Amino acid sequence: MGDTLTVLGLESSCDDTAAAVVRQRAGCPPEILSSVVLGQTTLHAPFGGVVPEIAARAHAEKIDLCVQEALAAAGVVLGDLDAVAVTAGPGLIGGVLAGVMCAKGICAATGLPLVGVNHLAGHALTPRLTDGLGFPYLMLLASGGHCQFLSVAGVADFTRLGGTIDDAPGEAFDKTAKLLGLPQPGGPEVERAAMAGDPGRFAFPRPLMDRPGCDMSFSGLKTALLRARDAIIAEKGGITVQDRADLCAAFQAAVRDVLAGKAARAVAASPGATALAVAGGVAANRTIRAALERVAGDAGLRFVAPPLALCTDNAAMIAWAGLERFRLGARDGMDLVARPRWPLDETQPALIGAGKKGAKA
């Protein structure tokens, strides 16, 4: 193994087809040479959410083109690579399978090593790619299909401190947008509407804050919003733009308070942590990010949040996680399996519930 490693990463776990090239020279920070993400928003928009069959077909049609674009943008050819990393789960099985089969094809044709990557590990290790964060650190991984607090002690050493027992917050944002007639993906639309809203108009619950531990629940919060919306419709015959803004603001404030409150508990349970990091699509929400930064500051911890483009699904995080695993000797064979579920902490019981990325890991 040379002093310089260059890895191609492939990501196709949900509704973004992505490929990226990451390089690291010995003693130097890693470089993202290219990162290509081809979204599917227009394909799923008529259905109000991700349709697995449509997503799988789109991945199969685009992933080879995505790889070509990523290699060209990075100025490398397959012969310049040291390995190919691919998301092998968890996620929508058709999409994961499309990525795994593409990666296997490249490796079979070139003889390059294959490294299967847990999608959640990609998010969890992103602060090391962007900020050079050292172990151990505390991670809040909050996305459309998953939400959990992790103690990250090594490249493959994750301890789950708590997670969602039903809807992940990103999923709850998407469902809230759908209930209020906002476009998908719902997270940015709810955040945008909330900017003009009054978060104090509706008294939404803060689920599980009256119980110890770091587990979370957002299904009841979504139901509370539905009832508030229906009450407005029953009274007025519809909802105004301001009603929608106030509902979004109250919902966002409740999610913020739960995540910040549980983050404080996770920090208290992780005395050795040097930083609080956040990743996943929900980390792009500025209100939530600011609240988490305050939690870190109150505890005297460094706060790390990747750039917004690396919070959502991307292949740069997969290439980096694969590079880290490859450097430690990890290799996978042609029997690598696409997995709809793949918990990072296999010592913990599985979380109950199913999100748009499949059952909770």
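Residues numbered from 1 in each chain as written. Predicted model: local features only at pLDDT ≥ 70, side-chain atom pairs only at ≥ 80, totals over all residues. Heavy atoms only, no water.

**Considering the sheet that holds strand β2 (residues 16–25)**
Basically, it comes down to this: The criterion for strand pairing is that DSSP finds at least two bridges linking the strands in question. We count a stretch as a helix when DSSP gives it H or I for four or more residues in a row; a strand needs E for two or more, and each element gets its number in order from the N terminus. For helices, the fitted axis covers only the stretch in contact; all axes are lines through C-alpha atoms, and the angles between them, taken along N-to-C directions, range from 0 to 180 degrees.
Ordered in space as β3-β2-β1-β4-β5, the 5 strands form an open sheet in which the pairing is mixed. Pairing within the sheet leaves two strands with one partner each, and these edge strands are β3 (31–39) and β5 (114–118). Averaged over all adjacent pairs, the angle separating strand axes in this sheet is 20°, with direction ignored. Relative to β3, β2 runs antiparallel, the two sharing 8 bridges. Opposite Asp16, over in β3, you have Gly39 as the bridge partner.

**Regarding the nonpolar core**
Rules: Definition used in this section: a nonpolar core is a set of buried Ala, Val, Leu, Ile, Met, Phe, Trp, Tyr and Cys residues joined via side-chain atoms within 4.5 Å. Only protein chains enter the area calculation, which uses a 1.4 Å probe; residues under 20% of their type maximum are buried, those over 50% are exposed, and those in between are partly exposed.
Of all hydrophobic cores here, the largest spans 50 residues; its most connected members are Leu140, Phe204, Phe218, Leu247, Phe251, Val255 and Leu259. Secondary structure elements with two or more residues in this core: β6 (137–142), β7 (147–154), α5 (169–179), α6 (186–194), α7 (219–236), α8 (241–268), β9 (275–279) and α9 (286–298).

**Describing the confidence of the model for the chain**
Heads up, the rule is: Confidence per residue, as judged by the predictor, is encoded in pLDDT with a range of 0 to 100. In this description, contact between two residues means that some pair of their heavy atoms is separated by no more than 4.5 Å.
The predicted model of the chain averages 92 in pLDDT, with 96% of residues at 70 or higher. Low confidence marks residues 354–360, where pLDDT is under 50. Its contacts with residues over four positions away, or in another chain, come to 36 contacts.

**Comments concerning the pairing of β5**
For clarity, the cut-off: Orient the strands so they point away from the viewer; a crossover is then right-handed if the path from the first strand over the helix to the second runs clockwise.
The element β5 is largely enclosed, with a buried count of 5 among its 5 residues. Covered by surrounding structure in β5 are Leu114, Gly116 and Asn118 together with Val115 and Val117, the residues of both alternating faces. With 5 bridges connecting them, strand β4 (residues 83–89) and β5 associate as parallel partners. Paired with Ala85 across the bridge in β5 is Val115. Once the chain exits β4 it traverses helix α3 (residues 93–110) before rejoining the sheet at β5, and the crossover so formed is right-handed.

**Some remarks on helix α10 (residues 316–327)**
What sets the pattern is the α-helix's 3.6 residues per turn: residues three or four places apart point alike. Selection rule: One less than the residue count of a helix, multiplied by 1.5 Å, gives the span that helix is expected to have.
With 12 residues, α10 extends 16 Å from end C-alpha to end C-alpha; this agrees with the ideal 16 Å at 1.5 Å per step. The element α10 is largely enclosed, with a buried count of 10 among its 12 residues. Where α10 is buried, its residues contact β1 (4–11), β2, β3, β4, β5 and α4 (119–131). Of the residues trailing α10, Gly329 is marked for its positive phi of about 100°.

**Concerning the packing of α6 against α8**
For clarity, the cut-off: Orientation labels follow simple angle bins: below 35 degrees gives roughly parallel, above 145 gives roughly antiparallel, 65 to 115 gives roughly perpendicular, and whatever is left gives oblique. Working rule for handedness: look at the near helix, and if it is turned counterclockwise from the far one by less than a right angle, call the crossing left-handed; if clockwise, right-handed. Polarity classes work like this: nonpolar for Ala, Val, Leu, Ile, Met, Phe, Trp, Tyr, Cys and Pro, charged for Asp, Glu, Lys and Arg, and polar for all others, with Gly in that last group.
The geometry of α6 relative to α8 is characterised by a closest axis approach of 7 Å and an angle of 110° between their N-to-C directions. Our classification of the angle between α6 and α8 gives roughly perpendicular. Between α6 and α8 lies a crossing of left-handed hand. Residues Val190, Glu191, Ala193 and Ala194 of α6 form the contact with α8, whose participating residues are Ala245, Cys248, Ala249, Phe251 and Gln252. Per-class residue counts for the contact of α6 with α8 are 7 nonpolar, 1 polar and 1 charged.

**Thoughts on the environment of Ala203**
Relative to the assigned elements, Ala203 resides in the loop between α6 and α7. In the structure, Ala203 is positioned 47 residues away from Ala250 in sequence and 7.5 Å away in space, judged by C-alpha atoms.

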